[in-house]
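# A closer look at the structure
If you want the building blocks of each chain, they are given just below.
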Amino acid sequence: MITKKIHRTLLFLLFFIPLIILNSCSFSEVQQLQLMKNLDLTKIFPATAAPSPQVLEQSTTNAESTDVVAITLKVHIPANTPENQPIILKIMEEVTGLAFNASRFEMQNNGERIFAYTLTVPRGSILKYRYARIAGNNEVQEHISDNRQVRYRMLYANDSITVEDVVSRWTDTLFEGKTGRITGTVTDASTKLPVPNILIDCGGVQTLTSSDGTFLIEGLLPGIHNLVAYALDGTYQTFQQGAQVKADSTTLAEIKLKPAKMVGVVFVAKLPQNTIPAVPVRVAGNLYQLGNTFADLNGGINTIASRMPVLSLLPDGRYSMNIALPAGADIHYIYTLGDGFWNTEINENGKPNLRHFIVPDKDTLIEDSVEAWSTKDTRPISFDVTLPESTQKDDFVSIQFRPVYGWTEPIPMWRLGDKRWGFILNYPLDFADQIHYRICRNNDCGIADASNTAGADNPGLAIDPNLLSNPLRVKVPAWAWAEQPSTPVEITTPQVTPRENGFIAGIEFQAIYHPSYNQNFSYMLDSVQTLSSNWLIMTPTWTFTRQSPPILEIKPGEDPLWLDMNDWLRETTDRGISAAIFPQPKFPISPSEWWSSATRDYSWWQVWFERYRNFALYHADLANQNNANALILGGDWLSPAYPGGKLSDGTDSGVPADAEVRWRLLIQEIKNHFKGPLFWAITSDQASNPPAFLDMVDGIYILWSVPMIDNASENANPADLATIAGQKLDQIALPLHDHFNKAIVLGASYPSAVGVESGCIKDESNNCVNWDDLGQPKLSQLTVKVDLQAQVNLYNALFSALDSRPWINGLVSRGYYPAAALIDPSPSVHGKPAADLLSYWFSNLLAENEE
C-alpha cells in the first residue's frame, strides 16, 4: 500500500511514457507484478474479488460447438417493394453497437415476394436480426407499420426451426394494409406471480412487461409471428412461440417463464504486455449486468462504459472478474479499455474480437487471452487534460468522441492527479484524422461541457494528425454553465420555527434520464444530502410512442427500467432519505398539441384510461415493492382527462361523462397496490377548480410557480415578497386545505432567470418563454439571462411565508438537475446560491426532529 501521492506519480509516469517508446518497449511480467504490488487500484476503480479458481470447471470460449442447429428464415416482403433488388438478412451485434459489425447474408428469392436463408448456429443462441433491401449503393431498412425502424427481431435457436416473418414497410415505402395486436401476461412458472421488465419481441416490435406482467404490441400485420420473451438480465429462461394475428383483432398470449439457475462464472484474462496496469479493464456484454442498455444511444452505441463490470488485477499479472450469470444464457462479450466500440480488444485481422459462449449449468472458469488493443499500423492517441481551478472536487471527467457520423457515448477518463486526467485511444484509428473530441463533467457531455465545446451540436475539437506522436495536451479553459455572478448573491437568514416530525423538506429530480445515471447515483445523493433535505422525489418517465391508439410505455435509454429504479430506491432509503415516486409522461410534441391533435373519440378514451391505469399501477407496485415513503400522481398534463376536462384553448376535451367514476375506481385500485401515502399533484391554476376525487387521496402536492409581482418593471424588496407569498398561499393553498382537510406540500419551481418574479422570462426576441423549456437540455436552445439573486429571493419569500403557516406540511424544490452543478437559468438549485438557502431553511425546520 502506498500513499495517494505516490500512486498518482506512478500512474502519471506510466501514462506519459512517449507513445513511440510505449509501442516498441513492452512491460515485462516481472515489471507488471512489481507495479501491482505498489498500486492500490481499489482506491480508484471499483473491483470484484476473484475466488479461488481451483474449484471451478474450466470452459473455453470461441470454440466451435458441435451442438448446432439449423435456422431457416423466410420473409414476406410488401407488394410495393421495388423489383429486382436483393433482400439481405442482417445478424445484429449489440455489444459493439447495432450500427456496427452486422453480418449480412443475401437471401434466396423463392418467388411470390418470399425470400429465405438457412444458417447454423450453436444450440441455445439468441439471434438478433432484421431485414434490409439493397437499392443501388444504399441499404434500405425495414420499418414497422407506424414508421419506426425495426430495432431487431429475436429468435431463440434451441432447436432446428423455420420462422416466417413479414416486413410491414421499408424506409422509402408506405405501409399498406390493416393491423392487429397481441396482448398478454408473463408470469413466473413456479410462483405464478407476474414478472415485470421482460422484453417482448414480436414482428420487429418490442415492449417491456409492466408490473403486473402484462404487455401490448400494436401494429402487427395479419399472419403468424414469432414471439420471444427475454429477461434483460437473464434471470428467466427465454420463451418462444408462434402467435397468430388477425386484422383489427386482439390475440391473447399467456406466457409462463421458468427461472434460470444462476451460476458463478470467473473470467480470467491475460492481456497484452503493453497494457498499463493502472487503467480499468472492463467487460462489455449483451446482458444488463454487462453494460447493455437495450437502447439506441448516441452514435449507434448500445453498451456504455460506466455500467460495465471492471476486472481486478491478480498477483500473476492477469485480470479477473467474478459474476453470477444465468445457466443456458447466450453470452456475447468483449474486453475493453473503453466501451463496446472504442478501445476494444482486436483480433489478428484488426477487428473487434467478439467472444461467445453458452453458460454451463455449473460454476465455471473462463480463461481468455487478449491479443492486442491496437493494430500494428496505427499509433495510439494520448490525451493529457488539465482542468480549471473552479472544477468541483467531486466531479469526474469524461471524454467523448465524434467520428464523421456524430457523437458517441462519453467514456470516463483516468485521474492522474489534482485537476489532471488522461486517456489513451487505441482503436479504431483508421480514420483518426476525422475524429473530433470534447471533455465534459460526470458523463454529461452536451450539457456539462468544456466551454470551448459546449452544446449538443458542437463539432468538438479536431485531432491534429501531425501531433499524434506526442500526447495531446488539452487545457479546459472553463466549464459551460459554471460562470459565477459578478455581484455576490445576498442570502438573509431569518429566525426559523422548527417543525414537528413529519415535515417534508425535499428535492424533486428533473424528469430526465440517461443510462449512466445508475453509476452516478451516489454522486447525486451526495449532492442532495448537502441540502439537509429529508425527502427525495424521483420522477421516472414513460413515453407516448403512439397517439392513435395512445400507447404509453417505457422506452429504454430514455426512461429508467424497473431494475434501475429498484437500485435507486434501495440506495436512497439505505441512506435514511425518504423516497417518493412522481412518474411523468414524455410527449413527442408539447402536451397541449398532443391532446389537441388526438382523436379523443370514445374508443380512444377507452384505450387512454387503460394505458394510464397501467402506468399508475406500475409505479404503485414499484413503490410498494421498494418500501417507498410516498407515491405522487397527477400533474398539469392530466387536465383534459379530468371530469369536465378542457383543452388548452378552453374547448371540451370530450372525456367520457363517467370520468369521475373512472378516477375514483382507479384511485382505489392504486391504494390497494400501494399501502403508503398517495399524494395528488395539481397546479396553482387547477387549485381553483380541483377534481372532486381529491377527497380520496392522502395529500395534495401543489406545483408552485406562482408569480410574485405583476410585471417585470416592479421592484419588491424581500419583506414585500414574503408578504405577497403569504397572500398567495392563503388565496390558493389554504382553501384546498380547508376543503379537503389533507396534507399540503408545496412543490416550488423558480428558475434562476431574469423576469422570474413576474412570471415572464424573456428570450432574445423579447418573448416570454415556456417554463417547461427552461430545463436541460432544452434550455441550451434558448438565450435567457441568469438571475441567481431572484431565485434566492423567491425561495426565501416562500419559506418565510411558510414559517408562519403550520398547515403547510412541506416544501420541495422541483427541477433539480442531478447529473452536474450548473449555473444556468433553469429551476435547478444544484450548485447555485439557492442551494445554500435551502440547506439553511431545511436544517432549521428539521432541527427539532434531529434532537
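Note that the structure is a prediction, hence the values are computed from the model and not measured.

About the cut-offs
Residues numbered from 1 in each chain as written. Predicted model: local features only at pLDDT ≥ 70, side-chain atom pairs only at ≥ 80, totals over all residues. Heavy atoms only, no water. Helix = DSSP H or I, 4+ residues; strand = E, 2+ residues; numbered from the N terminus. Rg over C-alpha atoms; globule rule 2.2 N^0.38 Å. Buried < 20%, exposed > 50% of the residue type's maximum accessible area, 1.4 Å probe, protein only. Contact = heavy atoms within 4.5 Å. Areas by Shrake-Rupley, 256 points an atom, 1.4 Å probe, with all protein chains shown as cover. Pairing = 2+ DSSP bridges. Axes fitted to C-alpha atoms, helices over the stretch in contact; angles between N-to-C directions. Disulfide = S-S within 2.5 Å. Salt bridge = Lys/Arg side-chain N within 4 Å of Asp/Glu carboxyl O. Polar contact = N/O pair within 3.5 Å; in protein donor to acceptor, adjacent residues only side chain to side chain. Core = buried A, V, L, I, M, F, W, Y, C linked by side-chain atoms within 4.5 Å. Parallel < 35°, antiparallel > 145°, perpendicular 65-115°, else oblique. Left-handed = near helix turned anticlockwise from the far one by under 90°. Nonpolar A, V, L, I, M, F, W, Y, C, P; charged D, E, K, R; others polar. pLDDT = per-residue confidence, 0-100. Phe/Tyr/Trp six-rings, centres within 6.5 Å; stacked < 30°, edge-to-face > 60°. Lys NZ or Arg CZ within 6 Å of the ring centre and 35° of its normal.

When helices and strands are counted, the protein shows 12 helices and 44 strands. Taken over C-alpha atoms, the radius of gyration comes to 28 Å for the protein, in line with the 29 Å a tight globule of 851 residues would show. Considered along the principal axes of its C-alpha atoms, the protein spans approximately 80 × 70 × 55 Å. Relative to its full complement of 851 residues, the protein shows a buried share of 58%. Within the protein, contacts between residues separated by at least 24 positions form 76% of all contacts whose residues are at least 6 apart in sequence. Surface accessibility of the protein: about 34300 Å² in total, with carbon and sulfur atoms responsible for 48%.

Before going further, it helps to spend a moment on the sheet that holds strand S26 (residues 381–386). An order of S29-S30-S26-S33 is seen for the four strands of this open sheet, with the pairing classed as mixed. The open sheet has two free edges, formed respectively by strand S29 (414–417) and strand S33 (472–475), since each of these has just one partner strand. This sheet shows a mean twist of 30° between the axes of neighbouring strands, independent of strand direction. Sheet topology note: the S29/strand S30 (residues 420–425) ladder contains three bridges and is antiparallel.

Enumeration over the complete set of coordinates arrives at two disulfides. A sulfur-sulfur distance of 2.0 Å marks the disulfide that ties Cys440 to Cys445. Across the disulfide from Cys440 to Cys445, rotation about the S-S bond amounts to roughly -70°, and the bridge is consequently left-handed. Looking at Cys440, the relative accessible area reads 0%, which means it is buried. Residue classification places Cys445 among the buried positions, given a relative accessible area of 16%. Taken in sequence order, the bonded cysteines of the protein link in the pattern 1-2, 3-4.

Here we take up unusual backbone geometry. Of note, the bond from Ser548 into Pro549 is cis; its omega dihedral lies within 30 degrees of zero at -5°. Looking at the element boundaries, Pro549 is found in the loop between strand S36 (541–547) and strand S37 (550–553). The amide bond that connects Gln776 to the next residue, Pro777, takes the cis arrangement and shows omega of 0°. Structurally, Pro777 is set in the loop between strand S43 (743–748) and helix H10 (788–803). Unlike most non-glycine residues, Asn84 shows phi in positive territory, near 60°. Summarising the element assignment, Asn84 is placed in the loop between strand S2 (68–76) and strand S3 (87–91).

Moving on, we get to the pattern of salt bridges. The full count for this structure, using the stated rule, is 41 salt bridges. Between Lys128 and Glu94 there is a salt bridge, with its nearest N and O atoms 2.5 Å apart. Taken together, the residues Lys128 in strand S7 (residues 125–135) and Glu94 in the loop between S3 and strand S4 (103–106) connect sequence positions 34 residues apart. Judged by relative accessible area, which is 7%, Lys128 ranks as buried. In this structure Glu94 comes out as buried when scored by relative accessible area, which is 2%. With its nearest N and O atoms 3.9 Å apart, the salt bridge here joins Asp698 to Lys671. One end of the pair, Asp698, is in the loop between strand S41 (678–683) and strand S42 (699–704); the other, Lys671, is in helix H8 (residues 659–673), with 27 residues separating them in the sequence. Residue class for Asp698 comes out partly exposed when judged on its relative accessible area of 34%. You can call Lys671 partly exposed: its relative accessible area is 26%. When salt bridges with common partners are traced through the structure, they connect Glu94, Lys128, Arg151 and Asp296 into a single cluster.

Before going further, it helps to spend a moment on the sheet that holds strand S12 (residues 180–188). Across the sheet, which stays open at both edges, the three strands sit in the order S15-S12-S18 with mixed pairing between neighbours. Of all the strands in the sheet, just strand S15 (214–220) and strand S18 (250–257) have a single pairing partner and so form its edges. The average angle at which neighbouring strand axes cross in this sheet is 20°, direction not considered.

Moving on to the environment of Phe100. Along the chain, the position of Phe100 falls in the loop between S3 and S4. The class of Phe100 is buried, set by a relative accessible area of 14%. With 659 residues separating them along the chain, Phe100 and Gly759 place their C-alpha atoms 48 Å apart. For Phe100, the contacting residues outside a window of four places in its chain are Glu93, Gly299, Gly300, Ile301, Phe341 and Tyr405.

Structurally, the position occupied by Thr81 is in the loop between S2 and S3. For Thr81, a relative accessible area of 10% gives the class buried. A polar contact of 2.8 Å, which involves the side chain of Thr81, links it to the side chain of Trp170. If we skip the residues at most four places from it in the chain, Thr81 touches Arg133 and Trp170.

Another point: the nonpolar core. A general feature of soluble globular proteins is that nonpolar side chains tend to end up buried together. Core analysis: the largest hydrophobic core is formed by 191 residues, its most contacted members being Phe267, Phe383, Trp608, Tyr612, Trp663, Trp680 and Trp704. Among the elements that make up this core, the one with the highest residue count is helix H7 (residues 602–625) (12 residues).

Contact pair helix H9 (residues 718–740) / H10: the axes reach a minimum separation of 8 Å and the direction vectors enclose 60°. Classified by the interaxial angle, the pair formed by H9 and H10 is oblique. Of the two elements, H9 crosses H10, and the hand of that crossing is right-handed. Taken together, the residues of H10 that come into contact with H9 (itself represented by Leu721, Ala722, Ala725, Gly726 and Leu729) are Asn793, Ala797, Leu798, Ser800, Ala801 and Leu802. Among the residues forming the contact of H9 with H10, the class breakdown is eight nonpolar, three polar and no charged.

A low pLDDT means the predicted coordinates there should not be read in detail. Residue-level pLDDT values for the protein average 90, and 91% of them are 70 or greater. Residue range residues 1–64 is modelled with pLDDT below 50. Its contacts to residues more than four positions away, or to other chains, number 118 contacts.

Within a regular strand, the side chains alternate between the two sheet faces. Strand S23 (residues 330–336) sits mainly inside the fold: seven of its seven residues count as buried. Neither face of S23 is open: one carries Asp330, His332, Ile334 and Thr336, the other Ile331, Tyr333 and Tyr335, and all of them are buried. Here four bridges tie S23 to strand S24 (residues 355–358), and the two strands are oriented antiparallel to one another. Looking across to S24, one finds that Asp330 is bridged to Ile358.

Considering all chains together, one arrives at 54 aromatic pairs under this definition. Between the aromatic rings of Trp594 and Trp595, the centroid separation amounts to 5.4 Å while the plane-to-plane angle is 85°, which identifies the pairing as edge-to-face. Both rings, one in Tyr612 and one in Trp637, keep their centres 5.9 Å apart while their planes meet at 55°; by these two values the pair is tilted. Highlighted residues: Tyr612 in helix H7 and Trp637 in the loop between strand S40 (630–634) and H8, separated in sequence by 25 residues. Neither residue differs from the other here; Tyr612 and Trp637 are each classed as buried. When the ring centre of Trp407 is taken as origin, the NZ or CZ atom of Arg402, which lies over that ring, is 5.9 Å away. Sitting over the ring of Phe609, Arg662 keeps its end group 5.0 Å from the ring centre.

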